[in-house]
Amino acid sequence: MDSARLLLLGVSHRTAPLEVREALAFAPAQVKEALDVARRDGVLHESLILSTCNRTEVYALSADPERAEAYVRDLVRRLKGSDFLQPGPHRYRHQDRETVAHLFRVAAGVDSMVLGEPQILGQVKDALDLGTEGRAVGPFIGRLLMEAVRVGKRARAETEIGAGAVSVASAAVALTRKIFSDLAGKRVLVVGAGETGRLAARHFAEQRPAEIVIVNRTLERAESLAAELDGRALPLSALPEALARADVLVTATGSPGPLISAEHLRLAMRERGRRPMVVMDIAVPRDVDPAAARLDNVFLHSIDALRALVDQNLTRRRHAVPRVLAIVDEEVARFFDWVRALGVTPVVRALREHFESLREAELERHRKHFDPALHARLDALTRALVNKLLHQPTTAIKGFDRSTHEGLLRLDAARELFGLALAEEPSPETEGAELRARAG
Amino acid sequence: MPLTTPGWDAGMRAAVSLLNLLLPLLYGAATVAYAVDFFRDLAPAARRARRLLGVTIALHALYLGLRTVLYEHIPLASSFEVLTTVALALAVVYLWVERRTGVVKTGMFIVAFCFTFQAVSSAFLTNPLRFPEVLRSPLFGLHTMAAVLGDTAFAVSAVYGVLFLLLHHELKASRFGIVYQRLPPLDVLARLSLRAAVLGLAFLTLTIAIGAVWAAQQFPGFHGDPKFLLILLVWLVYGAALGLNYRWGWNGRRAIYVSLLGFALMLAQAAIARLWLRSFHGFA
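Rules behind the numbers
Residues numbered from 1 in each chain as written. Chains lettered and ligands numbered in written order. Predicted model: local features only at pLDDT ≥ 70, side-chain atom pairs only at ≥ 80, totals over all residues. Pairing = 2+ DSSP bridges. Helix = DSSP H or I, 4+ residues; strand = E, 2+ residues; numbered from the N terminus. Axes fitted to C-alpha atoms, helices over the stretch in contact; angles between N-to-C directions. Contact = placed C-beta atoms within 7 Å. Expected span 1.5 Å × (residues − 1). Buried ≥ 20, exposed ≤ 12 C-beta atoms within 10 Å, placed from the backbone. Arc of directions from axis to C-beta. Nonpolar A, V, L, I, M, F, W, Y, C, P; charged D, E, K, R; others polar. Parallel < 35°, antiparallel > 145°, perpendicular 65-115°, else oblique. Left-handed = near helix turned anticlockwise from the far one by under 90°.

J.: How should I be thinking about the sheet that holds strand β10 (residues 298-302) of chain A in this particular structure?
T.: Residue and element names in this part refer to chain A. Strand order in the open sheet made by the six strands is β7-β6-β5-β8-β9-β10, with parallel pairing throughout. Here the strands that pair on one side only, and so sit at the sheet edges, are β7 (232-235) and β10. Across the sheet, the axes of successive neighbouring strands diverge by a mean angle of 15 degrees, strand direction being ignored. Sheet topology places strand β8 (residues 248-251) next to strand β9 (residues 277-281); four bridges connect them, and they run parallel. Paired with Leu 249 across the bridge in β9 is Val 279. In the packing of helix α9 (residues 219-229) onto the sheet, the strands contacted are β6 (211-216) and β7, and the crossing angle to β6 comes to about 160 degrees.

What follows is the structure, encoded as structure tokens:
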């Protein structure tokens, strides 16, 4: 294996319709099986499958990218019954630097269907775990994935790519938490057990409130949702009493007119000692009389307000994209610094330079204590000593076989062990060649 | 017996003059750094602001230490000395709150107060030629120290109270601008404001109690002193705000309004007592 290329074949929401993505999606067990087959076949040095609802991508490290591509397509054909990764409008293919940049963009969330969504980081970690378990991922792709996770975290910490909530239900929770920092001691009342109500109730249940109560015209539907969320179901007739106990009220019924008047809420507020109440009216037409917004300590928000919040957060995320792409560029260059430093010659050179600089610094520090003749003798003596000390490590490093994963691991360990600095930044045009020469 | 030699004296005077000039600039820079963090929401900006405030606090402590040694009294003997001490206490309290609660986006508002107090103090503070003997009592030291801590707590309470009202207004109007994005949740702001008010009230009670004991020895007719009476009024307003909150469940906006009224009275009494009323507090 004198050279190796990093190859990526994939489809995503940007290139393929849902039917294709569904057909190509790999469940975790299928990922394990595919990677196991790939490892046994021995065509690829390392491989990894990242499969989410929005993308399926196969990463492969191989000496021969054309052969690797043919093999991956054949593997998919065998496992999925069709050549989904054949050249065409649905498929994309990246190599070397572009593969690294693509993965970093994916982890940073700029390639996601919902810009900046955080789930992708967990999915990248899961893909790495599956690949590592099946021993299909080696030091190269392993490092690449770990770097991708780091880049994703960095992008979210340094930019607004993950700012705010971007769905109505999560915006309702975020907005509520701007009033009550912690919902742990709060009572949530959800009126309406339709699709919208269920979704909102699930989001609020994730915050572990003290109690979650579902009220619905049809009690059975309320009971079914309450059972799922470990909550309590009440009939619609119990609404006035339930209102007085609720700290958070979510309404999502199909009622043609307001179900809860301002007077209802005024009475409820009086009964609850005017403690603050958050009201999220996500029904159309509205379930709560808008006049209730004027009541002291009642924070009433309609679906329009929540949508405005979502739009605003999406705009903030879009504005963050250029900065995220700059971070990705920076991190790609950094990754190739690591790749370049993995060669035997750079590691040996860096090791010798490191010890030589230490030797010279110490000699210089004590120069005033020795006359020139003695200093020259010390210079020769320490040089010989360093050469002798480095003879064995140098021989060992030269013996590391960079064409094997173990060799790569050992080179990386040697670099880490002696704290050797990375080599100078490579030029983009040399990176492909370096990848071939060093990772192979 | 002098604590220092003439050479040291000259050096300390030079250092005090330099720091007197430097401190408003540093507080100004820290305010700007916190403003950058507030408006741009960048973690490195917050770290820079925190470091800058830390350095400023250290230099401010050095400044007050030097003044204490140089002028042989703790710097609480005049309004402008009190102001610089309050600025330092405010900065220390803010950093503590930031570390304790993780609330980092309110620095701009509090440090702006430090900047204002220090700028006014630096502009008007003169070097005292003599220090009234009557003020050398340890009780006076305790009295003024408690007053400084109380003023600081009330200032913190007022800042968080105003931020609470701003966010409350935005939330009631379903507006999600920068105030919504950057400020901590409403209940956190209310808690910070009311807890600081409790602390302020405790120190104010201590200030009044120690002051009454000390004044009874030095100024027997102090009960009719206008500043004393105004301070009692402030105490009553804060007491009412906290009583309404804890005893009668006046939570949120209304309790904050009463608390802010207390702070406004606090500032007003300081100005009124100094400018228009004859008070035995005239030494300050």
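J.: I tried to follow helix α3 (residues 65-80) of chain A on my own but got confused; where do I start?
T.: Since the α-helix packs 3.6 residues into each turn, any two residues three or four apart lie on the same face. All names here are of chain A. Between its first and last C-alpha atoms α3 spans 22 Å; for 16 residues at 1.5 Å apiece the expected length is 22 Å, and the two agree. Within the span of α3, buried status applies to Ala 68, Glu 69, Val 72, Leu 75 and Val 76. Looking straight down α3, one finds that the buried residues subtend no more than 125 degrees of arc, so they occupy a single side. In α3, the exposed residues that point more than 90 degrees away from the buried face are Glu 66, Arg 67, Ala 70 and Arg 78. Its buried side turned inward, α3 meets β1 (5-12), α2 (28-41) and β3 (55-62). Two residues or fewer after α3 comes Gly 81, characterised by a positive phi angle close to 85 degrees.

J.: Which parts of the structure should I look at to understand the interface of chain B and chain A?
T.: When the parts of a complex come together, some accessible area is lost, and that lost area is often used as the size of the interface. Opposite the 14 residues of chain B that make contact, chain A presents 20 residues. Taken together, the elements giving at least two residues each to the side of chain B that touches chain A come down to α5 (138-172) and α7 (186-218) of chain B. Its residues assigned to classes, the side of chain B that touches chain A comprises seven nonpolar, four polar and three charged.

J.: Whenever I open this one, unusual backbone geometry confuses me. Can you help?
T.: Backbone geometry follows two general trends: most residues other than glycine have a negative phi, and most peptide bonds adopt the trans configuration. Residue and element names in this part refer to chain A. Going from Val 284 to Pro 285, the amide bond is cis rather than trans, its omega being -5 degrees. Along the chain, Pro 285 turns up in the loop between β9 and β10. Even without glycine at this site, Asp 230 takes up a positive phi of about 60 degrees. The topology assignment puts Asp 230 in the loop between α9 and β7.

J.: Honestly, the packing of helix α7 (residues 168-177) of chain A against helix α8 (residues 195-205) of chain A in this entry has me stumped. Any pointers?
T.: Residue and element names in this part refer to chain A. It is at 9 Å that the axes of α7 and α8 come closest, and there the two elements cross at 40 degrees. Judged by the angle between their axes, α7 and α8 are oblique. At the point where α7 passes α8, the crossing takes the right-handed sense. Contacts from Ala 169, Ser 170, Ala 172 and Val 173 of α7 reach α8 at Leu 199, Ala 200, His 203 and Phe 204.

J.: Explain the sheet that holds strand β2 (residues 46-51) of chain A to me, please; I cannot follow it from the model alone.
T.: Sheets are built from strands paired through backbone hydrogen bonds, the pairs being either parallel or antiparallel. Residues and elements named next belong to chain A. With respect to topology, four strands assemble into an open sheet ordered β2-β3-β1-β4, the strand pairing being antiparallel. Among the strands making up the open sheet, the edge pair consists of β2 and β4 (92-95). If you compare each strand with its neighbour and ignore which way they point, the axes differ by 15 degrees on average. Pairing of β2 with β3 involves six bridges; the strand directions are antiparallel. By the bridge assignment, Ile 49 is partnered in β3 with Val 58. Its contacts with the sheet put helix α6 (residues 139-158) on β2 and β3, and the angle it makes with β2 is roughly 35 degrees.

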